[in-house]
Amino acid sequence: MSGAVECPFCLPADAEVLEQTADARLLIDLRPLCVGHMLVVPRVHVSSVAEAELSVREGTLGLAREAATLLRDTFGEAGIYEHGGSPICRPRSCQGGPTHAHLHILPVAEDVLLDRQPDEPTGLRGPAHYLYQEIDDDVPSASQSLGPTVPRHLVRSRLQQTMAERGMRWLPMGADRHLHLTAIEETLRLVRTRDRTLEGARPSADRPLVHL
Ligand SMILES: [Zn+2]
Ligand SMILES: [Zn+2]
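Cut-offs and rules
Residues numbered from 1 in each chain as written. Chains lettered and ligands numbered in written order. Predicted model: local features only at pLDDT ≥ 70, side-chain atom pairs only at ≥ 80, totals over all residues. Core = buried A, V, L, I, M, F, W, Y, C linked by C-beta atoms within 7 Å. Buried ≥ 20, exposed ≤ 12 C-beta atoms within 10 Å, placed from the backbone. Helix = DSSP H or I, 4+ residues; strand = E, 2+ residues; numbered from the N terminus. Contact = placed C-beta atoms within 7 Å. Pairing = 2+ DSSP bridges. Expected span 1.5 Å × (residues − 1). Arc of directions from axis to C-beta.

J.: Looking at this structure, I do not really get the nonpolar core. What am I missing?
T.: In summary, soluble globular proteins display a tendency toward joint burial of nonpolar side chains. Membership of the largest hydrophobic core comes to 47 residues, with the highest contact counts inside it found for Met38, Val40, Ala64, Ala67, Leu103, Ile105 and Leu106. Secondary-structure elements contributing two or more residues to this core are strand E2 (24-28), strand E3 (38-42), helix H1 (54-75), strand E4 (79-84), strand E5 (103-106), strand E6 (130-136), helix H2 (154-166) and helix H3 (177-194). Beyond its immediate sequence surroundings of up to four residues, Ala64 is in contact with Val40, Ile80, Leu103 and Ile105.

Spelled out as structure tokens, the structure:
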């Protein structure tokens, strides 16, 4: 696909990859909102998980649920969030081309679908722009179409408001790099402790992380 070669989620740096399957990769978020913030991206370049074929969708959600379970076991709660079709959350990505679907996995379960109607059907939506979440034992919910675009960092801004209200530790996008690197190291320690198969993954603090 045009532009995909430059896409950070099509070709992530080895150091960012915590786990990979035939369908998806678990990545560290390079500017984490908090310790535990990870991403799950399908290997194929689609602009939302809803647009991937069924087997890829299931594989991507399966890996996201594994990561969420790890966080839930550690922090007591976890959420899976997708801002489907939103601009990618990384600068200079995809050279203005189609964005690459990614699920945010975070140790906070909060309803970000503030204006959802109670009778809306659940599940991933496509190809419209939407918000998707799994915050309550894998029961999915999704917003109606959000219109032509999803604002950048919509999930992040809603969750950081929640975390601030609850007095939880969180990092703004523009925090000092060493604070993000410290949170990344803590996440890696956590993942290594919980899952021995992920021991090899580790970004180097000596080497600039790409796209950071
Ligand atoms: Zn891509
Ligand atoms: Zn994002």
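What follows continues from the structure just given.
J.: Just checking my understanding: could you explain the environment of Leu103 for this structure?
T.: Structurally, the position occupied by Leu103 is in strand E5. Separated by 29 residues in sequence, Leu103 and Tyr132 have C-alpha atoms that sit 8.9 Å apart. Among all residues touching Leu103, those that are not within four sequence positions of it are Leu39, Val40, Val49, Thr60, Ala64, Ile80, Tyr81 and Glu82.

J.: Even after reading the chapter, I still don't get the pairing of E6, so can you show me in this structure?
T.: A regular strand carries its side chains on alternate faces of the sheet. Burial runs high along E6: six of the seven residues are buried. Where E4 meets E6, five bridges bridge the pair, whose relative direction is antiparallel. Within the sheet, the bridge partner assigned to Ile80 lies in E6 and is Glu134.

J.: Help me out: how do you make sense of H3 in this one?
T.: At 3.6 residues per turn, the α-helix brings residues three or four places apart onto the same side. Over its 18 residues, H3 extends 26 Å from the first C-alpha to the last, a length consistent with the 26 Å expected when each residue adds 1.5 Å. Of the residues making up H3, those classed as buried are His180, Ala183, Ile184, Thr187 and Val191. What you see down the axis of H3 is that its buried residues fit within an arc of 105°, all on one side. In H3, the exposed positions angled more than 90 degrees off the buried face are occupied by His178, Arg189 and Thr193. Those residues of H3 that are buried lie in contact with strand E1 (17-20), E2, E3 and H1.

J.: When you look at the environment of Pro32 in this model, what are you seeing that I'm missing?
T.: Looking at the secondary structure, you find Pro32 in the loop between E2 and E3. A residue is classified by how many C-beta atoms lie within 10 Å of it, and Pro32, with 24 of them, is buried. Setting aside chain neighbours within four positions, we find Pro32 in contact with His37, Leu171, His180, Ala183, Ile184 and Thr187.

J.: Honestly, H2 in this entry has me stumped. Any pointers?
T.: The end-to-end C-alpha distance of H2, which contains 13 residues, comes to 19 Å, matching closely the 18 Å that a straight helix rising 1.5 Å per residue would cover. Val155, Arg156 and Leu159 are the residues of H2 that are buried. Looking straight down H2, one finds its buried side chains confined to an arc of 90°; they lie on one side. Opposite the packed face of H2, turned more than 90 degrees from it, sit the exposed residues Ala164 and Glu165. Tucked into the core, H2 has its buried residues touching E4 and E5. Gly167 occupies a position one or two residues after H2 and carries a positive phi of about 75°.

J.: Any chance you could explain the pairing of E2 here in plain terms?
T.: Counting buried positions over the five residues of E2 gives five, a clear majority of the element. Residues Ala24, Leu26 and Ile28 line one face of E2 and the alternating positions Arg25 and Leu27 line the opposite face, and both faces are buried. Sheet analysis places E1 next to E2, joined by three bridges and oriented antiparallel. Bridging across to E2, Glu19 finds its partner in Leu26. Between E1 and E2, which pair antiparallel and follow one another directly, the connecting turn spans three residues. Where E2 meets E3, five bridges bridge the pair, whose relative direction is antiparallel.

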